[in-house]
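Notes for the structure review
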Amino acid sequence: MLPELHRLRHEKDMKTLFARGRSVFGSLVGMKMCPNGLPVSRFAVVVGVKTAKSAVDRNRIKRRVRSIVQTHISRVKGGFDVCLLPRKEALTAKHKDVEASLMASFKKGKLL
RNA sequence: AAGGACUGUCGGAUGGCUACGUGUUUGAAAGAACAUGAGGAAAGUCCGAACACCUGUUGUGCCGCAAGGUAUGACAACAAAGAGAGUCGCUAACGGCGACCAGGUAUAAGAAUUGGGGCUCGCGGAAUUGGAGAAAUCUGUUCCAUGAUUCCUGAAUCAAAGCCUAGGGAAAGUACCACAGAGACAAUACUAGCUCCGACGUCCGUCGGAGUGAAAGGUGAAAAGUGAAGUGGUGUUGAGCAAUCAGCUACGCUUCUCGCUCCAUGGUGACAUGGAUUGUGGCAAACCCUCCACGCCCGCCAAAGCCUCUCGCGGCGGCGGGUUCUGGUGAAAGAACAAAUUUGGUCGUUCGCUUGAGCCUGGUGGCAACAUCAGGCCUAGAUAGAUUGCCAUCUCCUCUGAGCAAUCAGGGAAGACAAAAUUCGGCUUACAGACAGAUCCUUGGAC
RNA sequence: CGGGCCAUAGCGCAGCUUGGUAGCGCGCUUCGUUCGGGACGAAGAGGUCGUGGGUUCAAAUCCCACUGGCCCGA
């Protein structure tokens, strides 16, 4: 789990993010981002029922993505709210591939 | 020992680096250290309860002169509403559990019955230009019929532990029972058949009416008395010249079987057994009736706290509602005032929140469900939602190759179902693999 | 956490209340009509009534449990 400072928690923030955010698509993980005016970046991971039916699978995807963010969090620029949207394939893909896809998305969004 | 049934338990282990939730300790703080952190179904949300608010009546304690306030209990008419009701128990309660009763149902090995076939043996008959012998006769072969043993096989019957049952009442009443059938639930009289009367008519016969006719008829899931055996006996059919014989059969009687009612005995009871009497469909998971139970609403997003006292422990909050002015038909919109008090809600936050109908071990009572006693233990509390990510080793599983085998080498690799959301008790559904049973039943063997 | 609805022919829907025959429209097949196609006319095929149990003589219909899909409220 991420430190509390980097979590994006409130529904209001999520609404503004989805209303105004910029989308970035990746092979395994996509994301939505917009500036938040804070010194740090905040992250949320959303896995819908359509992505994975079982609650166990959904939780597993979320944990894997969050752990990757956590290892690279020192390199990420501050000042953005980011919502990560993994695809179905992220459940069965290998850890390295998910990591590569996520880093590519970060580069696309100029977060690195 | 084999086969079957049932039940219960488990649901990888150890370690390394790293991350998060909670708690404790330490520290001025940042932080650090230690401990701890998903399930048997956490699921589906099908029942029940705890807890909480509300309505009415009311008891007790405290405060108050009183009105009343506050804390804590008890009860709840009528009505709506109930998947309550075989019996006895267990449980906080339950569409739950245990034991028993009744009914239904499935088959394994097996049992006895019967049909077909095969091997072997035996008896009898027939045939034979087979063989032996002078002959009687003996023997062989084939065919027919038949018996015994054993094997194979078919049929239906019996048949275990089990499994299933929303198991009261159909003689209180209503509704329904399609099609078919004369008639579908209380008796009807359609067609045969028979008798009489009338009309037509020579008779036969035809038509109409009245009566008789259930001991003839078929339909259907079901037709006033359930099936079987014996006997008497009626009618009818067939055979026969006839006497008579045979088949079917209403009805009566006797015996057995099934059911209602009553009585007796046994059992706490559902019921069982025996005796007597009698013989009036189904459906209540259609309405309904009886007894029983039940206050209503709501469902932890409940309820309560966030100025002060207090509580609680840190967010000392943000937004809305107010007043005045501008504006305008009005509504919106804009600006200003914000001192105190009050109100309602939303977001946030605290609490509710995890010590509980709790878990483990042992004893006692009980067939059991369960109850009770003693000792020990503390074991998740998140809220965009923690309980992890990556890796190594060991067993376990699996694939390939070598080998008679033990085993060796290499590859895959924890593999199922599935993640707390107020808390418990059940039910239902899903589930890779592993283990267990002084359980139950059947068959076989040994003593 | 609580409440409700749906599943019937290839597609869209009736039938369920009050249990006995599964039906309508479009589509499909064949034939006719036309020089040909469309339209039109005639005939026809096509159904485990989502799955599994129970009640009943009999279940798409009544009852229960599942599966899948959809909606609403706090």
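Throughout what follows, the structure given in this document is the object of discussion. (Residues numbered from 1 in each chain as written. Chains lettered and ligands numbered in written order. Predicted model: local features only at pLDDT ≥ 70, side-chain atom pairs only at ≥ 80, totals over all residues. Heavy atoms only, no water.)

**A closer look at the overall build of chain A**
- Regarding its fold elements, chain A presents three helices and four strands.
- Along the chain direction, N to C, the helices and strands of chain A fall in the order α-β-β-β-α-β-α.
- Long-range pairs, those at least 24 residues apart, make up 80% of the contacts in chain A with a sequence separation of at least 6.
- Accessible surface, chain A as shown: approximately 6,800 Å² in total, 54% of it carbon and sulfur. (Helix = DSSP H or I, 4+ residues; strand = E, 2+ residues; numbered from the N terminus. Contact = heavy atoms within 4.5 Å. Areas by Shrake-Rupley, 256 points an atom, 1.4 Å probe, with all protein chains shown as cover.)

**Focus on the nonpolar core**
- In terms of nonpolar packing, the biggest core is built from 20 residues, with Met31, Phe43, Val82, Leu84, Leu102, Phe106 and Leu111 touching the most fellow members.
- Within the residue set of this core, elements represented by two or more residues are strand 2 (29-35), strand 3 (42-45), helix 2 (55-71), strand 4 (80-86) and helix 3 (95-108). (Core = buried A, V, L, I, M, F, W, Y, C linked by side-chain atoms within 4.5 Å. Buried < 20%, exposed > 50% of the residue type's maximum accessible area, 1.4 Å probe, protein only.)

**As for helix 3**
- For helix 3, with 14 residues, the first-to-last C-alpha span of 20 Å sits near the 20 Å given by 1.5 Å per residue.
- Among all positions in helix 3, only Val98, Ser101, Leu102, Met103, Ser105 and Phe106 are buried.
- Those residues of helix 3 that are buried lie in contact with strand 1 (22-24), strand 2, strand 3, helix 2 and strand 4.
- Residue Lys110 follows helix 3 closely and has a positive phi angle near 55 degrees. (Expected span 1.5 Å × (residues − 1).)

**A short note on the environment of Val65**
- With respect to the helices and strands, Val65 occurs in helix 2.
- Separated by 25 residues in sequence, Val65 and Ala90 have C-alpha atoms that sit 8.7 Å apart.
- Other than its neighbours up to four places away in sequence, Val65 contacts Val45, Leu84, Pro86 and Leu102.

**Re the sheet that holds strand 4**
- Here we have four strands laid out as an open sheet, ordered 1-2-4-3, and mixed in their pairing. The strands lining the two open edges of the sheet, one partner per strand, are strand 1 and strand 3. Between one strand and the next, the sheet's axes are offset by a mean angle of 20 degrees, whatever the strand orientation.
- With four bridges joining them, strand 3 and strand 4 adopt parallel strand pairing. Bridging across to strand 4, Ala44 finds its partner in Cys83.
- In the packing of helix 3 onto the sheet, the strands contacted are strand 1, strand 2, strand 3 and strand 4, and the crossing angle to strand 2 comes to about 30 degrees. (Pairing = 2+ DSSP bridges. Axes fitted to C-alpha atoms, helices over the stretch in contact; angles between N-to-C directions.)

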